[in-house]
Amino acid sequence: MIQPALRLDQAPPVSVPFRFFLGAPPFLVLAAALLAWRGPEALAWRLAPAALALTHLFTLGFMSMVMLGALLQLLPVLAGAPLARPRAVATLVHAALVLGTLALAGGFAFGAAPLFKAAAALLATAFAVFLGAAGASLWRSRVRSQTVRALKLALVALAAAAALGVALASRWGWGIALPSAFAGLHPAWALLGWAGLLALGVAYQVVPMFQLTPAYPRALARAGAATVFGLLILWSGASWLGGVQWLADLCALALACAYVAFGAVTIVLQRRRRRRQADVTLACWRLGMASLIAANALWALRIAAPAALPERADVLIGLLALVGFAGSIITGMLYKIAPFLAWFHLQAAGGARAPNTSEILGVAAQRLQFRTHVAALALLVAAWAWPATLVYPAALALAASGVLLEANLLRVLRAFARARGELQAEAARAP
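Residues numbered from 1 in each chain as written. Predicted model: local features only at pLDDT ≥ 70, side-chain atom pairs only at ≥ 80, totals over all residues. Heavy atoms only, no water.

Turning to the pattern of salt bridges, a few remarks are in order. Oppositely charged side chains are able to pair whenever their charged atoms sit close together. Taken as a whole, this structure holds four salt bridges when the rule is applied. Between Asp314 and Arg46 there is a salt bridge, with the nearest N and O atoms lying 3.5 Å from each other. Of this pair, Asp314 sits in helix α11 (residues 313-348) while Arg46 sits in the loop between α2 (25-38) and α3 (49-79), and the two are 268 residues apart along the sequence. The closest approach of N and O atoms between Lys336 and Asp279, which form a salt bridge, is 3.1 Å. With Lys336 in helix α11 and Asp279 in the loop between α9 (245-271) and α10 (280-304), this pair connects stretches of sequence that are 57 residues apart. (Salt bridge = Lys/Arg side-chain N within 4 Å of Asp/Glu carboxyl O. Helix = DSSP H or I, 4+ residues; strand = E, 2+ residues; numbered from the N terminus.)

Once that is clear, we can look at empty space enclosed by the protein. Taken as a whole and judged by the stated rule, the model has four cavities of 30 Å³ or more. Lining the largest cavity are 19 residues, and of these Met67, Leu198, Ile329, Ile330 and Met333 lie nearest its centre. Mapped onto the lining of the largest cavity, the elements with two or more residues apiece are α3, α7 (182-211) and α11. In terms of residues, the lining of the largest cavity owes the most to one element, α11, which gives seven residues. Across the lining of the largest cavity, the residue classes break down as 19 nonpolar, no polar and no charged. (1 Å grid on protein atoms, 1.4 Å probe; cavity = no way out; pocket = protein on both sides within 12 Å on 5 of 7 lines; lining within 4 Å. Points joined across faces, edges and corners; volume = space filled by probe spheres on them. Nonpolar A, V, L, I, M, F, W, Y, C, P; charged D, E, K, R; others polar.)

This part covers the environment of Trp235. Tracing the sequence through the fold places Trp235 in helix α8 (residues 218-241). The spatial distance from the C-alpha of Trp235 to the C-alpha of Gly39 is 34 Å, given a sequence separation of 196 residues. In contact with Trp235, other than residues within four places in its own chain, are Gly184, Leu185, Ala188, Ala248, Cys251 and Ala252. (Contact = heavy atoms within 4.5 Å.)

Our focus in this paragraph is a nonpolar patch on the surface. Residues Leu30, Leu99 and Leu102 make up a contiguous nonpolar surface patch of roughly 250 Å² in combined accessible area. Since its relative accessible area comes to 47%, Leu99 is described here as partly exposed. (Patch = residues over 30% accessible without salt bridge, like charges linked within 9 Å, V, L, I, M, F, W, Y side chains within 5 Å. Areas by Shrake-Rupley, 256 points an atom, 1.4 Å probe, with all protein chains shown as cover. Buried < 20%, exposed > 50% of the residue type's maximum accessible area, 1.4 Å probe, protein only.)

With that settled, the discussion passes to helix α1 (residues 15-23). Note: α-helices contain 3.6 residues per turn, so residues at a spacing of three or four share the same orientation. In terms of residue burial, α1 counts as a mostly covered element, since seven of its nine residues are buried. All of the buried residues in α1 are Val16, Pro17, Phe18, Phe20, Phe21, Leu22 and Gly23.

Looking now at a positive patch on the surface. Taken together, the side chains of Arg144, Arg149, Arg218 and Arg222 define a basic patch exposed on the protein surface. Positionally, Arg222 belongs in helix α8. (Lys, Arg positive; Asp, Glu negative; His and termini not counted. Charge placed at Lys NZ, Arg CZ, Asp CG, Glu CD.)

Here helix α4 (residues 86-110) contains 25 residues, and its C-alpha end-to-end distance of 35 Å stays within 8% of the 36 Å for a straight helix at 1.5 Å per residue. Remark: Gly111 follows α4 within two positions and exhibits a positive phi of approximately 65 degrees. (Expected span 1.5 Å × (residues − 1).)

Taken as a whole, the second largest pocket holds about 400 Å³ of empty space. In terms of lining residues, the second largest pocket is bounded by 18 residues, among which Asp279, Lys336, Thr357, Ser358 and Val363 are the most central. Elements supplying a minimum of two residues to the lining of the second largest pocket: α10, α11, α12 (357-360) and α13 (363-385). The dominant element in the lining of the second largest pocket, judged by the number of residues it contributes, is α11, at four residues. Among the residues making up the lining of the second largest pocket, the classes are represented as nine nonpolar, five polar and four charged.

Now for the nonpolar core. If you look at the biggest cluster of nonpolar residues, it comprises 156 residues, and the most contacted ones within it are Met63, Leu68, Phe127, Phe130 and Trp194. Here this core takes 20 residues from α11, the largest share from any one element. Setting aside anything within four residues of it in sequence, one finds Phe130 in contact with Leu68, Leu71, Leu72, Val93, Gly135, Leu155 and Leu158. (Core = buried A, V, L, I, M, F, W, Y, C linked by side-chain atoms within 4.5 Å.)

Turning our attention to the confidence of the model for the protein. Considering every residue of the protein, the mean pLDDT works out to 89; 94% of them sit at 70 or more. Here residues 1-6 scores under 50 on pLDDT; set against residues more than four positions off or in separate chains, the count is 14 contacts. (pLDDT = per-residue confidence, 0-100.)

Right, let's get into the packing of α10 against α13. Two elements in contact, α10 and α13, have axes separated by 10 Å at closest approach and are oriented at 15 degrees. With respect to each other, α10 and α13 are oriented roughly parallel. Of the two elements, α10 crosses α13, and the hand of that crossing is left-handed. Counted together, Val280, Ala283, Cys284, Leu287 and Ser291 of α10 and Gln366, Arg367, Phe370, His373, Val374 and Leu377 of α13 form the full contact between these two elements. Considered class by class, the residues forming the contact of α10 with α13 number seven nonpolar, three polar and one charged. (Axes fitted to C-alpha atoms, helices over the stretch in contact; angles between N-to-C directions. Parallel < 35°, antiparallel > 145°, perpendicular 65-115°, else oblique. Left-handed = near helix turned anticlockwise from the far one by under 90°.)

In structure tokens, the structure reads:
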């Protein structure tokens with residue numbers, strides 16, 4: 001299961017990623033509370049203040065929280081270049097990201113300019129520190145794998161998304177005039193660039209490793225991330241210049257097709273896996289890939305035939321992309337990464353009899369949370385069509401999913417602390 005290219009000796013302390021992992025599920029509960037507070041308004045229009053607050057609680061508070069924490073762990077392991085002062089970096093980035101996300105969501109929810117100003121400063125700090133540390137680590141790496149190349153492009157996309165997002169927050173805080181294209185470029189670089197490219201890069205490594213599938217086709221692994229990145233640049237240029245809408249639409253359709261192809265190839269590889277017994281991570285990835293395909297198919301239809309879908313369909317596309325695709329994959333990866341990190345650090349501490357990953361977190365707890373996540377996604381999609389009736393059950397299911405995910409991560413941490421305590425006690429008794 002551990003590939004020779006991985007440099008596990010370079011891994012940072014377990015506290016570095018776990019503070020991000022444990023900090024993410026509470027934002028699902030906050031998002032659910034906001035959804036219950038604002039009700040149907042939050043699903044009426046993607047640019048409604050309640051919708052923007054909900055979106056950023058999920059994208060910054062949940063998605064980016066886990067993604068940054070995972071990268072602080074994975075970059076030294078995958079790229080073989082350790083981060084300088086990982087504890088200090090993690091502490092600063094985590095605190096600034098939590099406070100910045102809360103300030104930004106509050107700014108949208110209450111229309112308060114001071115909160116937007118605070119959010120701009122805090123989030124700029126969080127992403128500047130992370131990008132500086134992670135970028136220095138990644139660009140020092142001598143590893144030339146497809147995963148490392150994709151991760152480099154993902155970090156560039158994150159820098160673009162963060163810069164655009166901070167600029168937009170500054171506009172709401174200080175009234176700074178910005179080009180109208182910024183409003184469309186920010187979500188594109190955040191979702192299609194940062195989140196999408198990270199998913200591509202991680203999938204190249206972890207899908208064959210954890211799910212025992214064949215490797216991704218060489219053409220997709222070599223050109224997939226670069227193609228997406230190039231199309232994003234071309235689409236951004238066409239959107240910025242204006243007057244070439246046909247080119248922007250063509251690039252958007254090509255991006256949608258690229259992600260549909262990635263999702264379809266991943267599902268095919270999963271059907272050819274060597275281990276036939278399914279687990280929760282596999283189910284999460286399958287749901288994530290199905291949601292990715294559905295979201296991009298709907299997006300392509302919105303571009304090619306705008307009259308075929310109402311403008312409100314953008315909210316449905318967002319739910320599928322965020323909760324269905326990103327939320328499912330992140331949940332599945334947490335159920336592999338968190339127990340594995342606990343086991344690995346116990347082994348490194350000399351625990352020859354350390355509990356295995358299935359003992360650290362049982363399957364039943366994972367399945368219960370996954371089913372709740374599926375229910376939340378289904379209810380959110382249905383609430384898009386019948387908001388007055390289903391938005392409150394959807395909020396309840398989303399909150400339950402977040403609570404159960406947090407409980408499972410705490411189980412991992414408790415199992416790790418208990419086993420480490422036993423190791424320390426054995427060491428103290430040894431002559």
